[in-house]
Amino acid sequence: GTFWPGSLIGQSAAEQIRLAAIDHEVGLHAWDHHREQTRIDTMDAHDIQQGLTRGMTALEAITGQPVRCTAAPAWKGSETVLRAKDSFDLLYNSDCRGYSIFTPQLGVDVLRQPQVPTTLPTYDEIVGKEGVTAENYNDHLLKLFKPGELNVLTIHAEVEGIVCKEMFSDF
């Protein structure tokens, strides 16, 4: 979706998403990833609510189960996004980086849904840097785990689920 609207991945990958949802928690990442990643800070409440509703409706139709969590593209968001997500019956969101689970407070309002931050670098963020390769990625990542602390890894379906499927399976 860099130069024109992206395809509806849910339609073309519905079977893979359905299969993943059998054994794994599947949440909404975005209805329009490119738009949300590049313009979320200027989108109004209606556009944000509409995108969330469209995405959740499509994902629920594919998996046959309610969407219980979301994760923002590029960990970008705004107060408007947090308030829109809080209007849904979600267990949590993962819209940020950090070190511990927290419940957002916007002014005097405490939101219902906690944030579970990503704590570990993604594949594309560390491979090719500081000697990390596809071959030693898993070992490097395991060295970053902190026992007794929150360790959350964000994966991308098109990388760990397709291109690096064997590597992720070994992990």
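Quick summary incoming for the structure in this document. (Residues numbered from 1 in each chain as written. Predicted model: local features only at pLDDT ≥ 70, side-chain atom pairs only at ≥ 80, totals over all residues. Heavy atoms only, no water.)

Among the nonpolar cores identified, the biggest contains 16 residues, and Leu28, Ile48, Leu52, Met56 and Val67 are the most heavily contacted of them. Mapped by element, the contributors of at least two residues to this core are α2 (14–23), α4 (45–63) and α5 (79–86). Here this core gets 5 residues from one element, more than from any other, and that element is α4. In this structure, isoleucine 48 is in contact with Ile40, Met43, Thr80, Val81 and Ala84, ignoring residues within four places of it in sequence. (Core = buried A, V, L, I, M, F, W, Y, C linked by side-chain atoms within 4.5 Å. Buried < 20%, exposed > 50% of the residue type's maximum accessible area, 1.4 Å probe, protein only. Helix = DSSP H or I, 4+ residues; strand = E, 2+ residues; numbered from the N terminus. Contact = heavy atoms within 4.5 Å.)

This part is about the environment of alanine 30. Along the chain, alanine 30 turns up in the loop between α2 and α3 (33–39). Considering only alpha carbons, one finds alanine 30 and alanine 72, 42 residues apart in sequence, at a separation of 6.9 Å. Not counting the four nearest positions on each side in its chain, alanine 30 is found in contact with Glu36 and Pro73.

Within the secondary structure layout, leucine 28 lies in the loop between α2 and α3. Distance in space between the C-alpha atoms of leucine 28 and alanine 71 is 6.5 Å, their sequence separation being 43 residues. In contact with leucine 28, other than residues within four places in its own chain, are Leu52, Gly55, Met56, Leu59, Val67, Cys69, Thr70 and Ala71.

Evaluation of the coordinates by the stated rule reveals 3 aromatic pairs. Ring plane angle 55° and centroid distance 6.3 Å describe the contact between phenylalanine 145 and phenylalanine 171, whose orientation is recorded as tilted. Of this pair, phenylalanine 145 sits in the loop between α7 (137–144) and α8 (159–163) while phenylalanine 171 sits in the segment after α9 (165–170), and the two are 26 residues apart along the sequence. When the centroid spacing of 6.3 Å and the interplanar angle of 15° are considered together, the rings of phenylalanine 168 and phenylalanine 171 count as stacked. The partly exposed category is assigned to phenylalanine 168, whose relative accessible area is 32%. Judged by its relative accessible area of 33%, phenylalanine 171 is partly exposed. These aromatic residues form a ring-pair network of at least three members: Phe145, Phe168 and Phe171. One residue, arginine 97, lies across the ring of tryptophan 75, its end atom 3.8 Å from the ring centre. (Phe/Tyr/Trp six-rings, centres within 6.5 Å; stacked < 30°, edge-to-face > 60°. Lys NZ or Arg CZ within 6 Å of the ring centre and 35° of its normal.)

The analysis is restricted to geometry; functional conclusions fall outside its scope.
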